[in-house]
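Here are the chains, one letter per residue:
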Amino acid sequence: MLLQISSKIAKRGAKTLRLVAGATLGGAYSLIILIDDIPIYIFLSSKILCAVLLILITFGFMRIKSFISVLMIFLFSNFVFLGVITGIQMLFKSNRICTNNGEIYIDINAKELILSALFAYLAACIIIRLYNKKLGAGEIYSIIIENNSKEVSLFALSDTGNKLREPFSDYPVIIVKKDSCKELFDENSARLIPSSTINSSSYLTAYKPQCVKVKTSRGYEKIENVYVALSEEMNAESFSAIINPEIISV
């Protein structure tokens, strides 16, 4: 669950098989709860090593800056989760919750476990959605679209109304004024993405660039799992693209 939450916060997709492999390693490492009196240096080093392996297994290799960012998000999620559970244990003086070596054991049956996990996941998704919806909506960002050793710089409006996704990969779609970057892409790699408005439905021609860089408060953020759809109906003067703020971790 924490890996999925980290994936959503960091805006990095992870394949189901990778998530399962990461969760399996995490589950195996949780057996450390059964060991008593672990020296602090062994505990911390094993915790960090496991976290590093979990990120590599779940998300694959990435640039060091991106890797550290995802790692910090994952560790922070663990600290928050452990803190909440410890707080509940102290507040209600429950004998059904045990914490040791940074791991948690909860004495509940299978039905309670499934319901609790479902509730926690739904709560996390709601919080992330509310955060992303508020974050950066209505702002103008500078973006760079790179493909085939070429790049184009544009201004993009952050709009939660852009909910387009590529149907097969479920990657988010950036809508771009057609004349702005059509020279970046090979027509043979085009895909059609269904698009609908209040008055009509149509298809947009879309391509997967090598990457899109969005300038945020922390510098340029590289986004790889995204499509660019070309639109002939965009007539705005202050921007040439529309992105959903959910793809940005400002």
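Each value, and the rule that gives it
- Residues numbered from 1 in each chain as written.
- Predicted model: local features only at pLDDT ≥ 70, side-chain atom pairs only at ≥ 80, totals over all residues.
- Heavy atoms only, no water.
- Helix = DSSP H or I, 4+ residues; strand = E, 2+ residues; numbered from the N terminus.
- Buried < 20%, exposed > 50% of the residue type's maximum accessible area, 1.4 Å probe, protein only.
- Areas by Shrake-Rupley, 256 points an atom, 1.4 Å probe, with all protein chains shown as cover.
- pLDDT = per-residue confidence, 0-100.
- Expected span 1.5 Å × (residues − 1).
- Arc of directions from axis to C-beta.
- Pairing = 2+ DSSP bridges.
- Axes fitted to C-alpha atoms, helices over the stretch in contact; angles between N-to-C directions.
- Contact = heavy atoms within 4.5 Å.
- Phe/Tyr/Trp six-rings, centres within 6.5 Å; stacked < 30°, edge-to-face > 60°.
- Salt bridge = Lys/Arg side-chain N within 4 Å of Asp/Glu carboxyl O.
- Parallel < 35°, antiparallel > 145°, perpendicular 65-115°, else oblique.
- Left-handed = near helix turned anticlockwise from the far one by under 90°.
- Nonpolar A, V, L, I, M, F, W, Y, C, P; charged D, E, K, R; others polar.

**Student:** Give me the lowdown on the overall build of the protein, citing residues and values where you can.
**Tutor:** When helices and strands are counted, the protein shows six helices and eleven strands. With 250 residues in all, the protein has 36% of them scored as buried. Summed over all atoms, the accessible surface of the protein reaches about 15,500 Å², with 61% contributed by carbon and sulfur.

**Student:** Which residues make up the confidence of the model for the protein, and what values do they have?
**Tutor:** Taken as a whole, the protein shows an average pLDDT of 76; of its residues, 69% reach a score of 70 or greater. Per-element confidence in the protein ranges from a low mean pLDDT of 58 for strand β2 (residues 103-106) to a high of 92 for strand β5 (residues 173-177).

**Student:** Describe in detail helix α2 (residues 16-29), supporting the description with residues and values.
**Tutor:** Counted at 1.5 Å a residue, the expected span for α2 with its 14 residues is 20 Å, and the 20 Å between its end C-alpha atoms agrees. Of all the residues in α2, the buried ones are Leu19, Gly22 and Tyr29. Burial along α2 is one-sided: seen end-on, the buried residues are contained in an arc of 85 degrees. Seen from the open side of α2, the exposed residues pointing more than 90 degrees away from its buried face are Thr16, Leu17 and Thr24.

**Student:** Can you explain the sheet that holds strand β4 (residues 150-158)? Please cite residues and give values.
**Tutor:** The strand order across the open sheet built from nine strands is β6-β7-β10-β5-β11-β4-β3-β8-β9, with neighbouring strands paired in mixed fashion. In this open sheet, the two strands that pair with only one neighbour each are β6 (191-196) and β9 (219-223). Taken over all neighbouring pairs, the strand axes of this sheet differ in orientation by 35 degrees on average, direction set aside.

**Student:** Describe the side chain of Ser240, naming the residues involved and giving the relevant values.
**Tutor:** Examined against the element boundaries, Ser240 turns out to sit in the loop between β10 (227-231) and β11 (241-243). In this structure, Ser240 is in contact with Leu154, Phe155, Ile175, Val176, Lys177, Ser180 and Met234, ignoring residues within four places of it in sequence.

**Student:** Go over the packing of aromatic side chains with me, naming the residues and quoting the values.
**Tutor:** On inspection of all chains with the given rule, the structure shows two aromatic pairs. Ring centres of Tyr171 and Tyr227 lie 6.4 Å apart, and the angle between their planes is 35 degrees; on these two criteria the pair is classed as tilted. Of this pair, Tyr171 sits in the loop between β4 and β5 while Tyr227 is found in strand β10, placing the two residues 56 residues apart along the sequence. Here Tyr171 falls in the partly exposed class, since its relative accessible area comes to 25%. Summarising the aromatic geometry, the rings of Phe185 and Tyr207 are spaced 4.7 Å apart at their centres and angled 5 degrees between planes, so their arrangement reads as stacked. Of the two residues, Phe185 is situated in the loop between α6 (178-181) and β6 and Tyr207 in strand β7 (residues 201-207); the sequence distance between them amounts to 22 residues.

**Student:** Can you explain the side chain of Ser180? Please cite residues and give values.
**Tutor:** For Ser180, the position within the fold is in helix α6. With a relative accessible area of 15%, Ser180 lands in the buried category. Setting aside residues no more than four positions away along its own chain, Ser180 makes contact with Val152, Leu154 and Ser240.

**Student:** Tell me about the pattern of salt bridges, and name the residues and values.
**Tutor:** Under the counting rule described, the total for this entry stands at four salt bridges. A salt bridge links Lys213 to Glu146, with the shortest nitrogen-to-oxygen separation between them at 3.2 Å. Highlighted residues: Lys213 in strand β8 (residues 211-216) and Glu146 in strand β3 (residues 140-147), separated in sequence by 67 residues. Where Glu232 meets Lys178, a salt bridge forms, and the shortest distance between an N and an O atom there is 3.0 Å. Placement of Glu232 in the loop between β10 and β11 and of Lys178 in helix α6 is noted, with a sequence separation of 54 residues between them. Glu232 gets classed as exposed once you look at its relative accessible area, which sits at 63%.

**Student:** Which residues make up the packing of α2 against helix α3 (residues 40-59), and what values go with them?
**Tutor:** In the contact formed by α2 and α3, the axes pass within 8 Å of each other and the chain directions differ by 165 degrees. The pairing of α2 with α3 is recorded here as roughly antiparallel in orientation. The handedness of the crossing between α2 and α3 is right-handed. Note on element contacts: α3 touches α2 through Phe43, Ser46, Lys47, Cys50, Leu53, Leu54, Leu56, Ile57, Thr58 and Phe59, opposite Arg18, Leu19, Ala21, Gly22, Leu25, Gly26 and Tyr29. Residues of the contact of α2 with α3, tallied by class, amount to eleven nonpolar, four polar and two charged.

**Student:** Break down unusual backbone geometry for me, with residues and values.
**Tutor:** Even without a glycine there, the phi angle at Asn148 is positive, about 50 degrees. The partly exposed category is assigned to Asn148, whose relative accessible area is 45%. Even without glycine at this site, Asp170 takes up a positive phi of about 65 degrees. Note on placement: Asp170 falls in the loop between β4 and β5.

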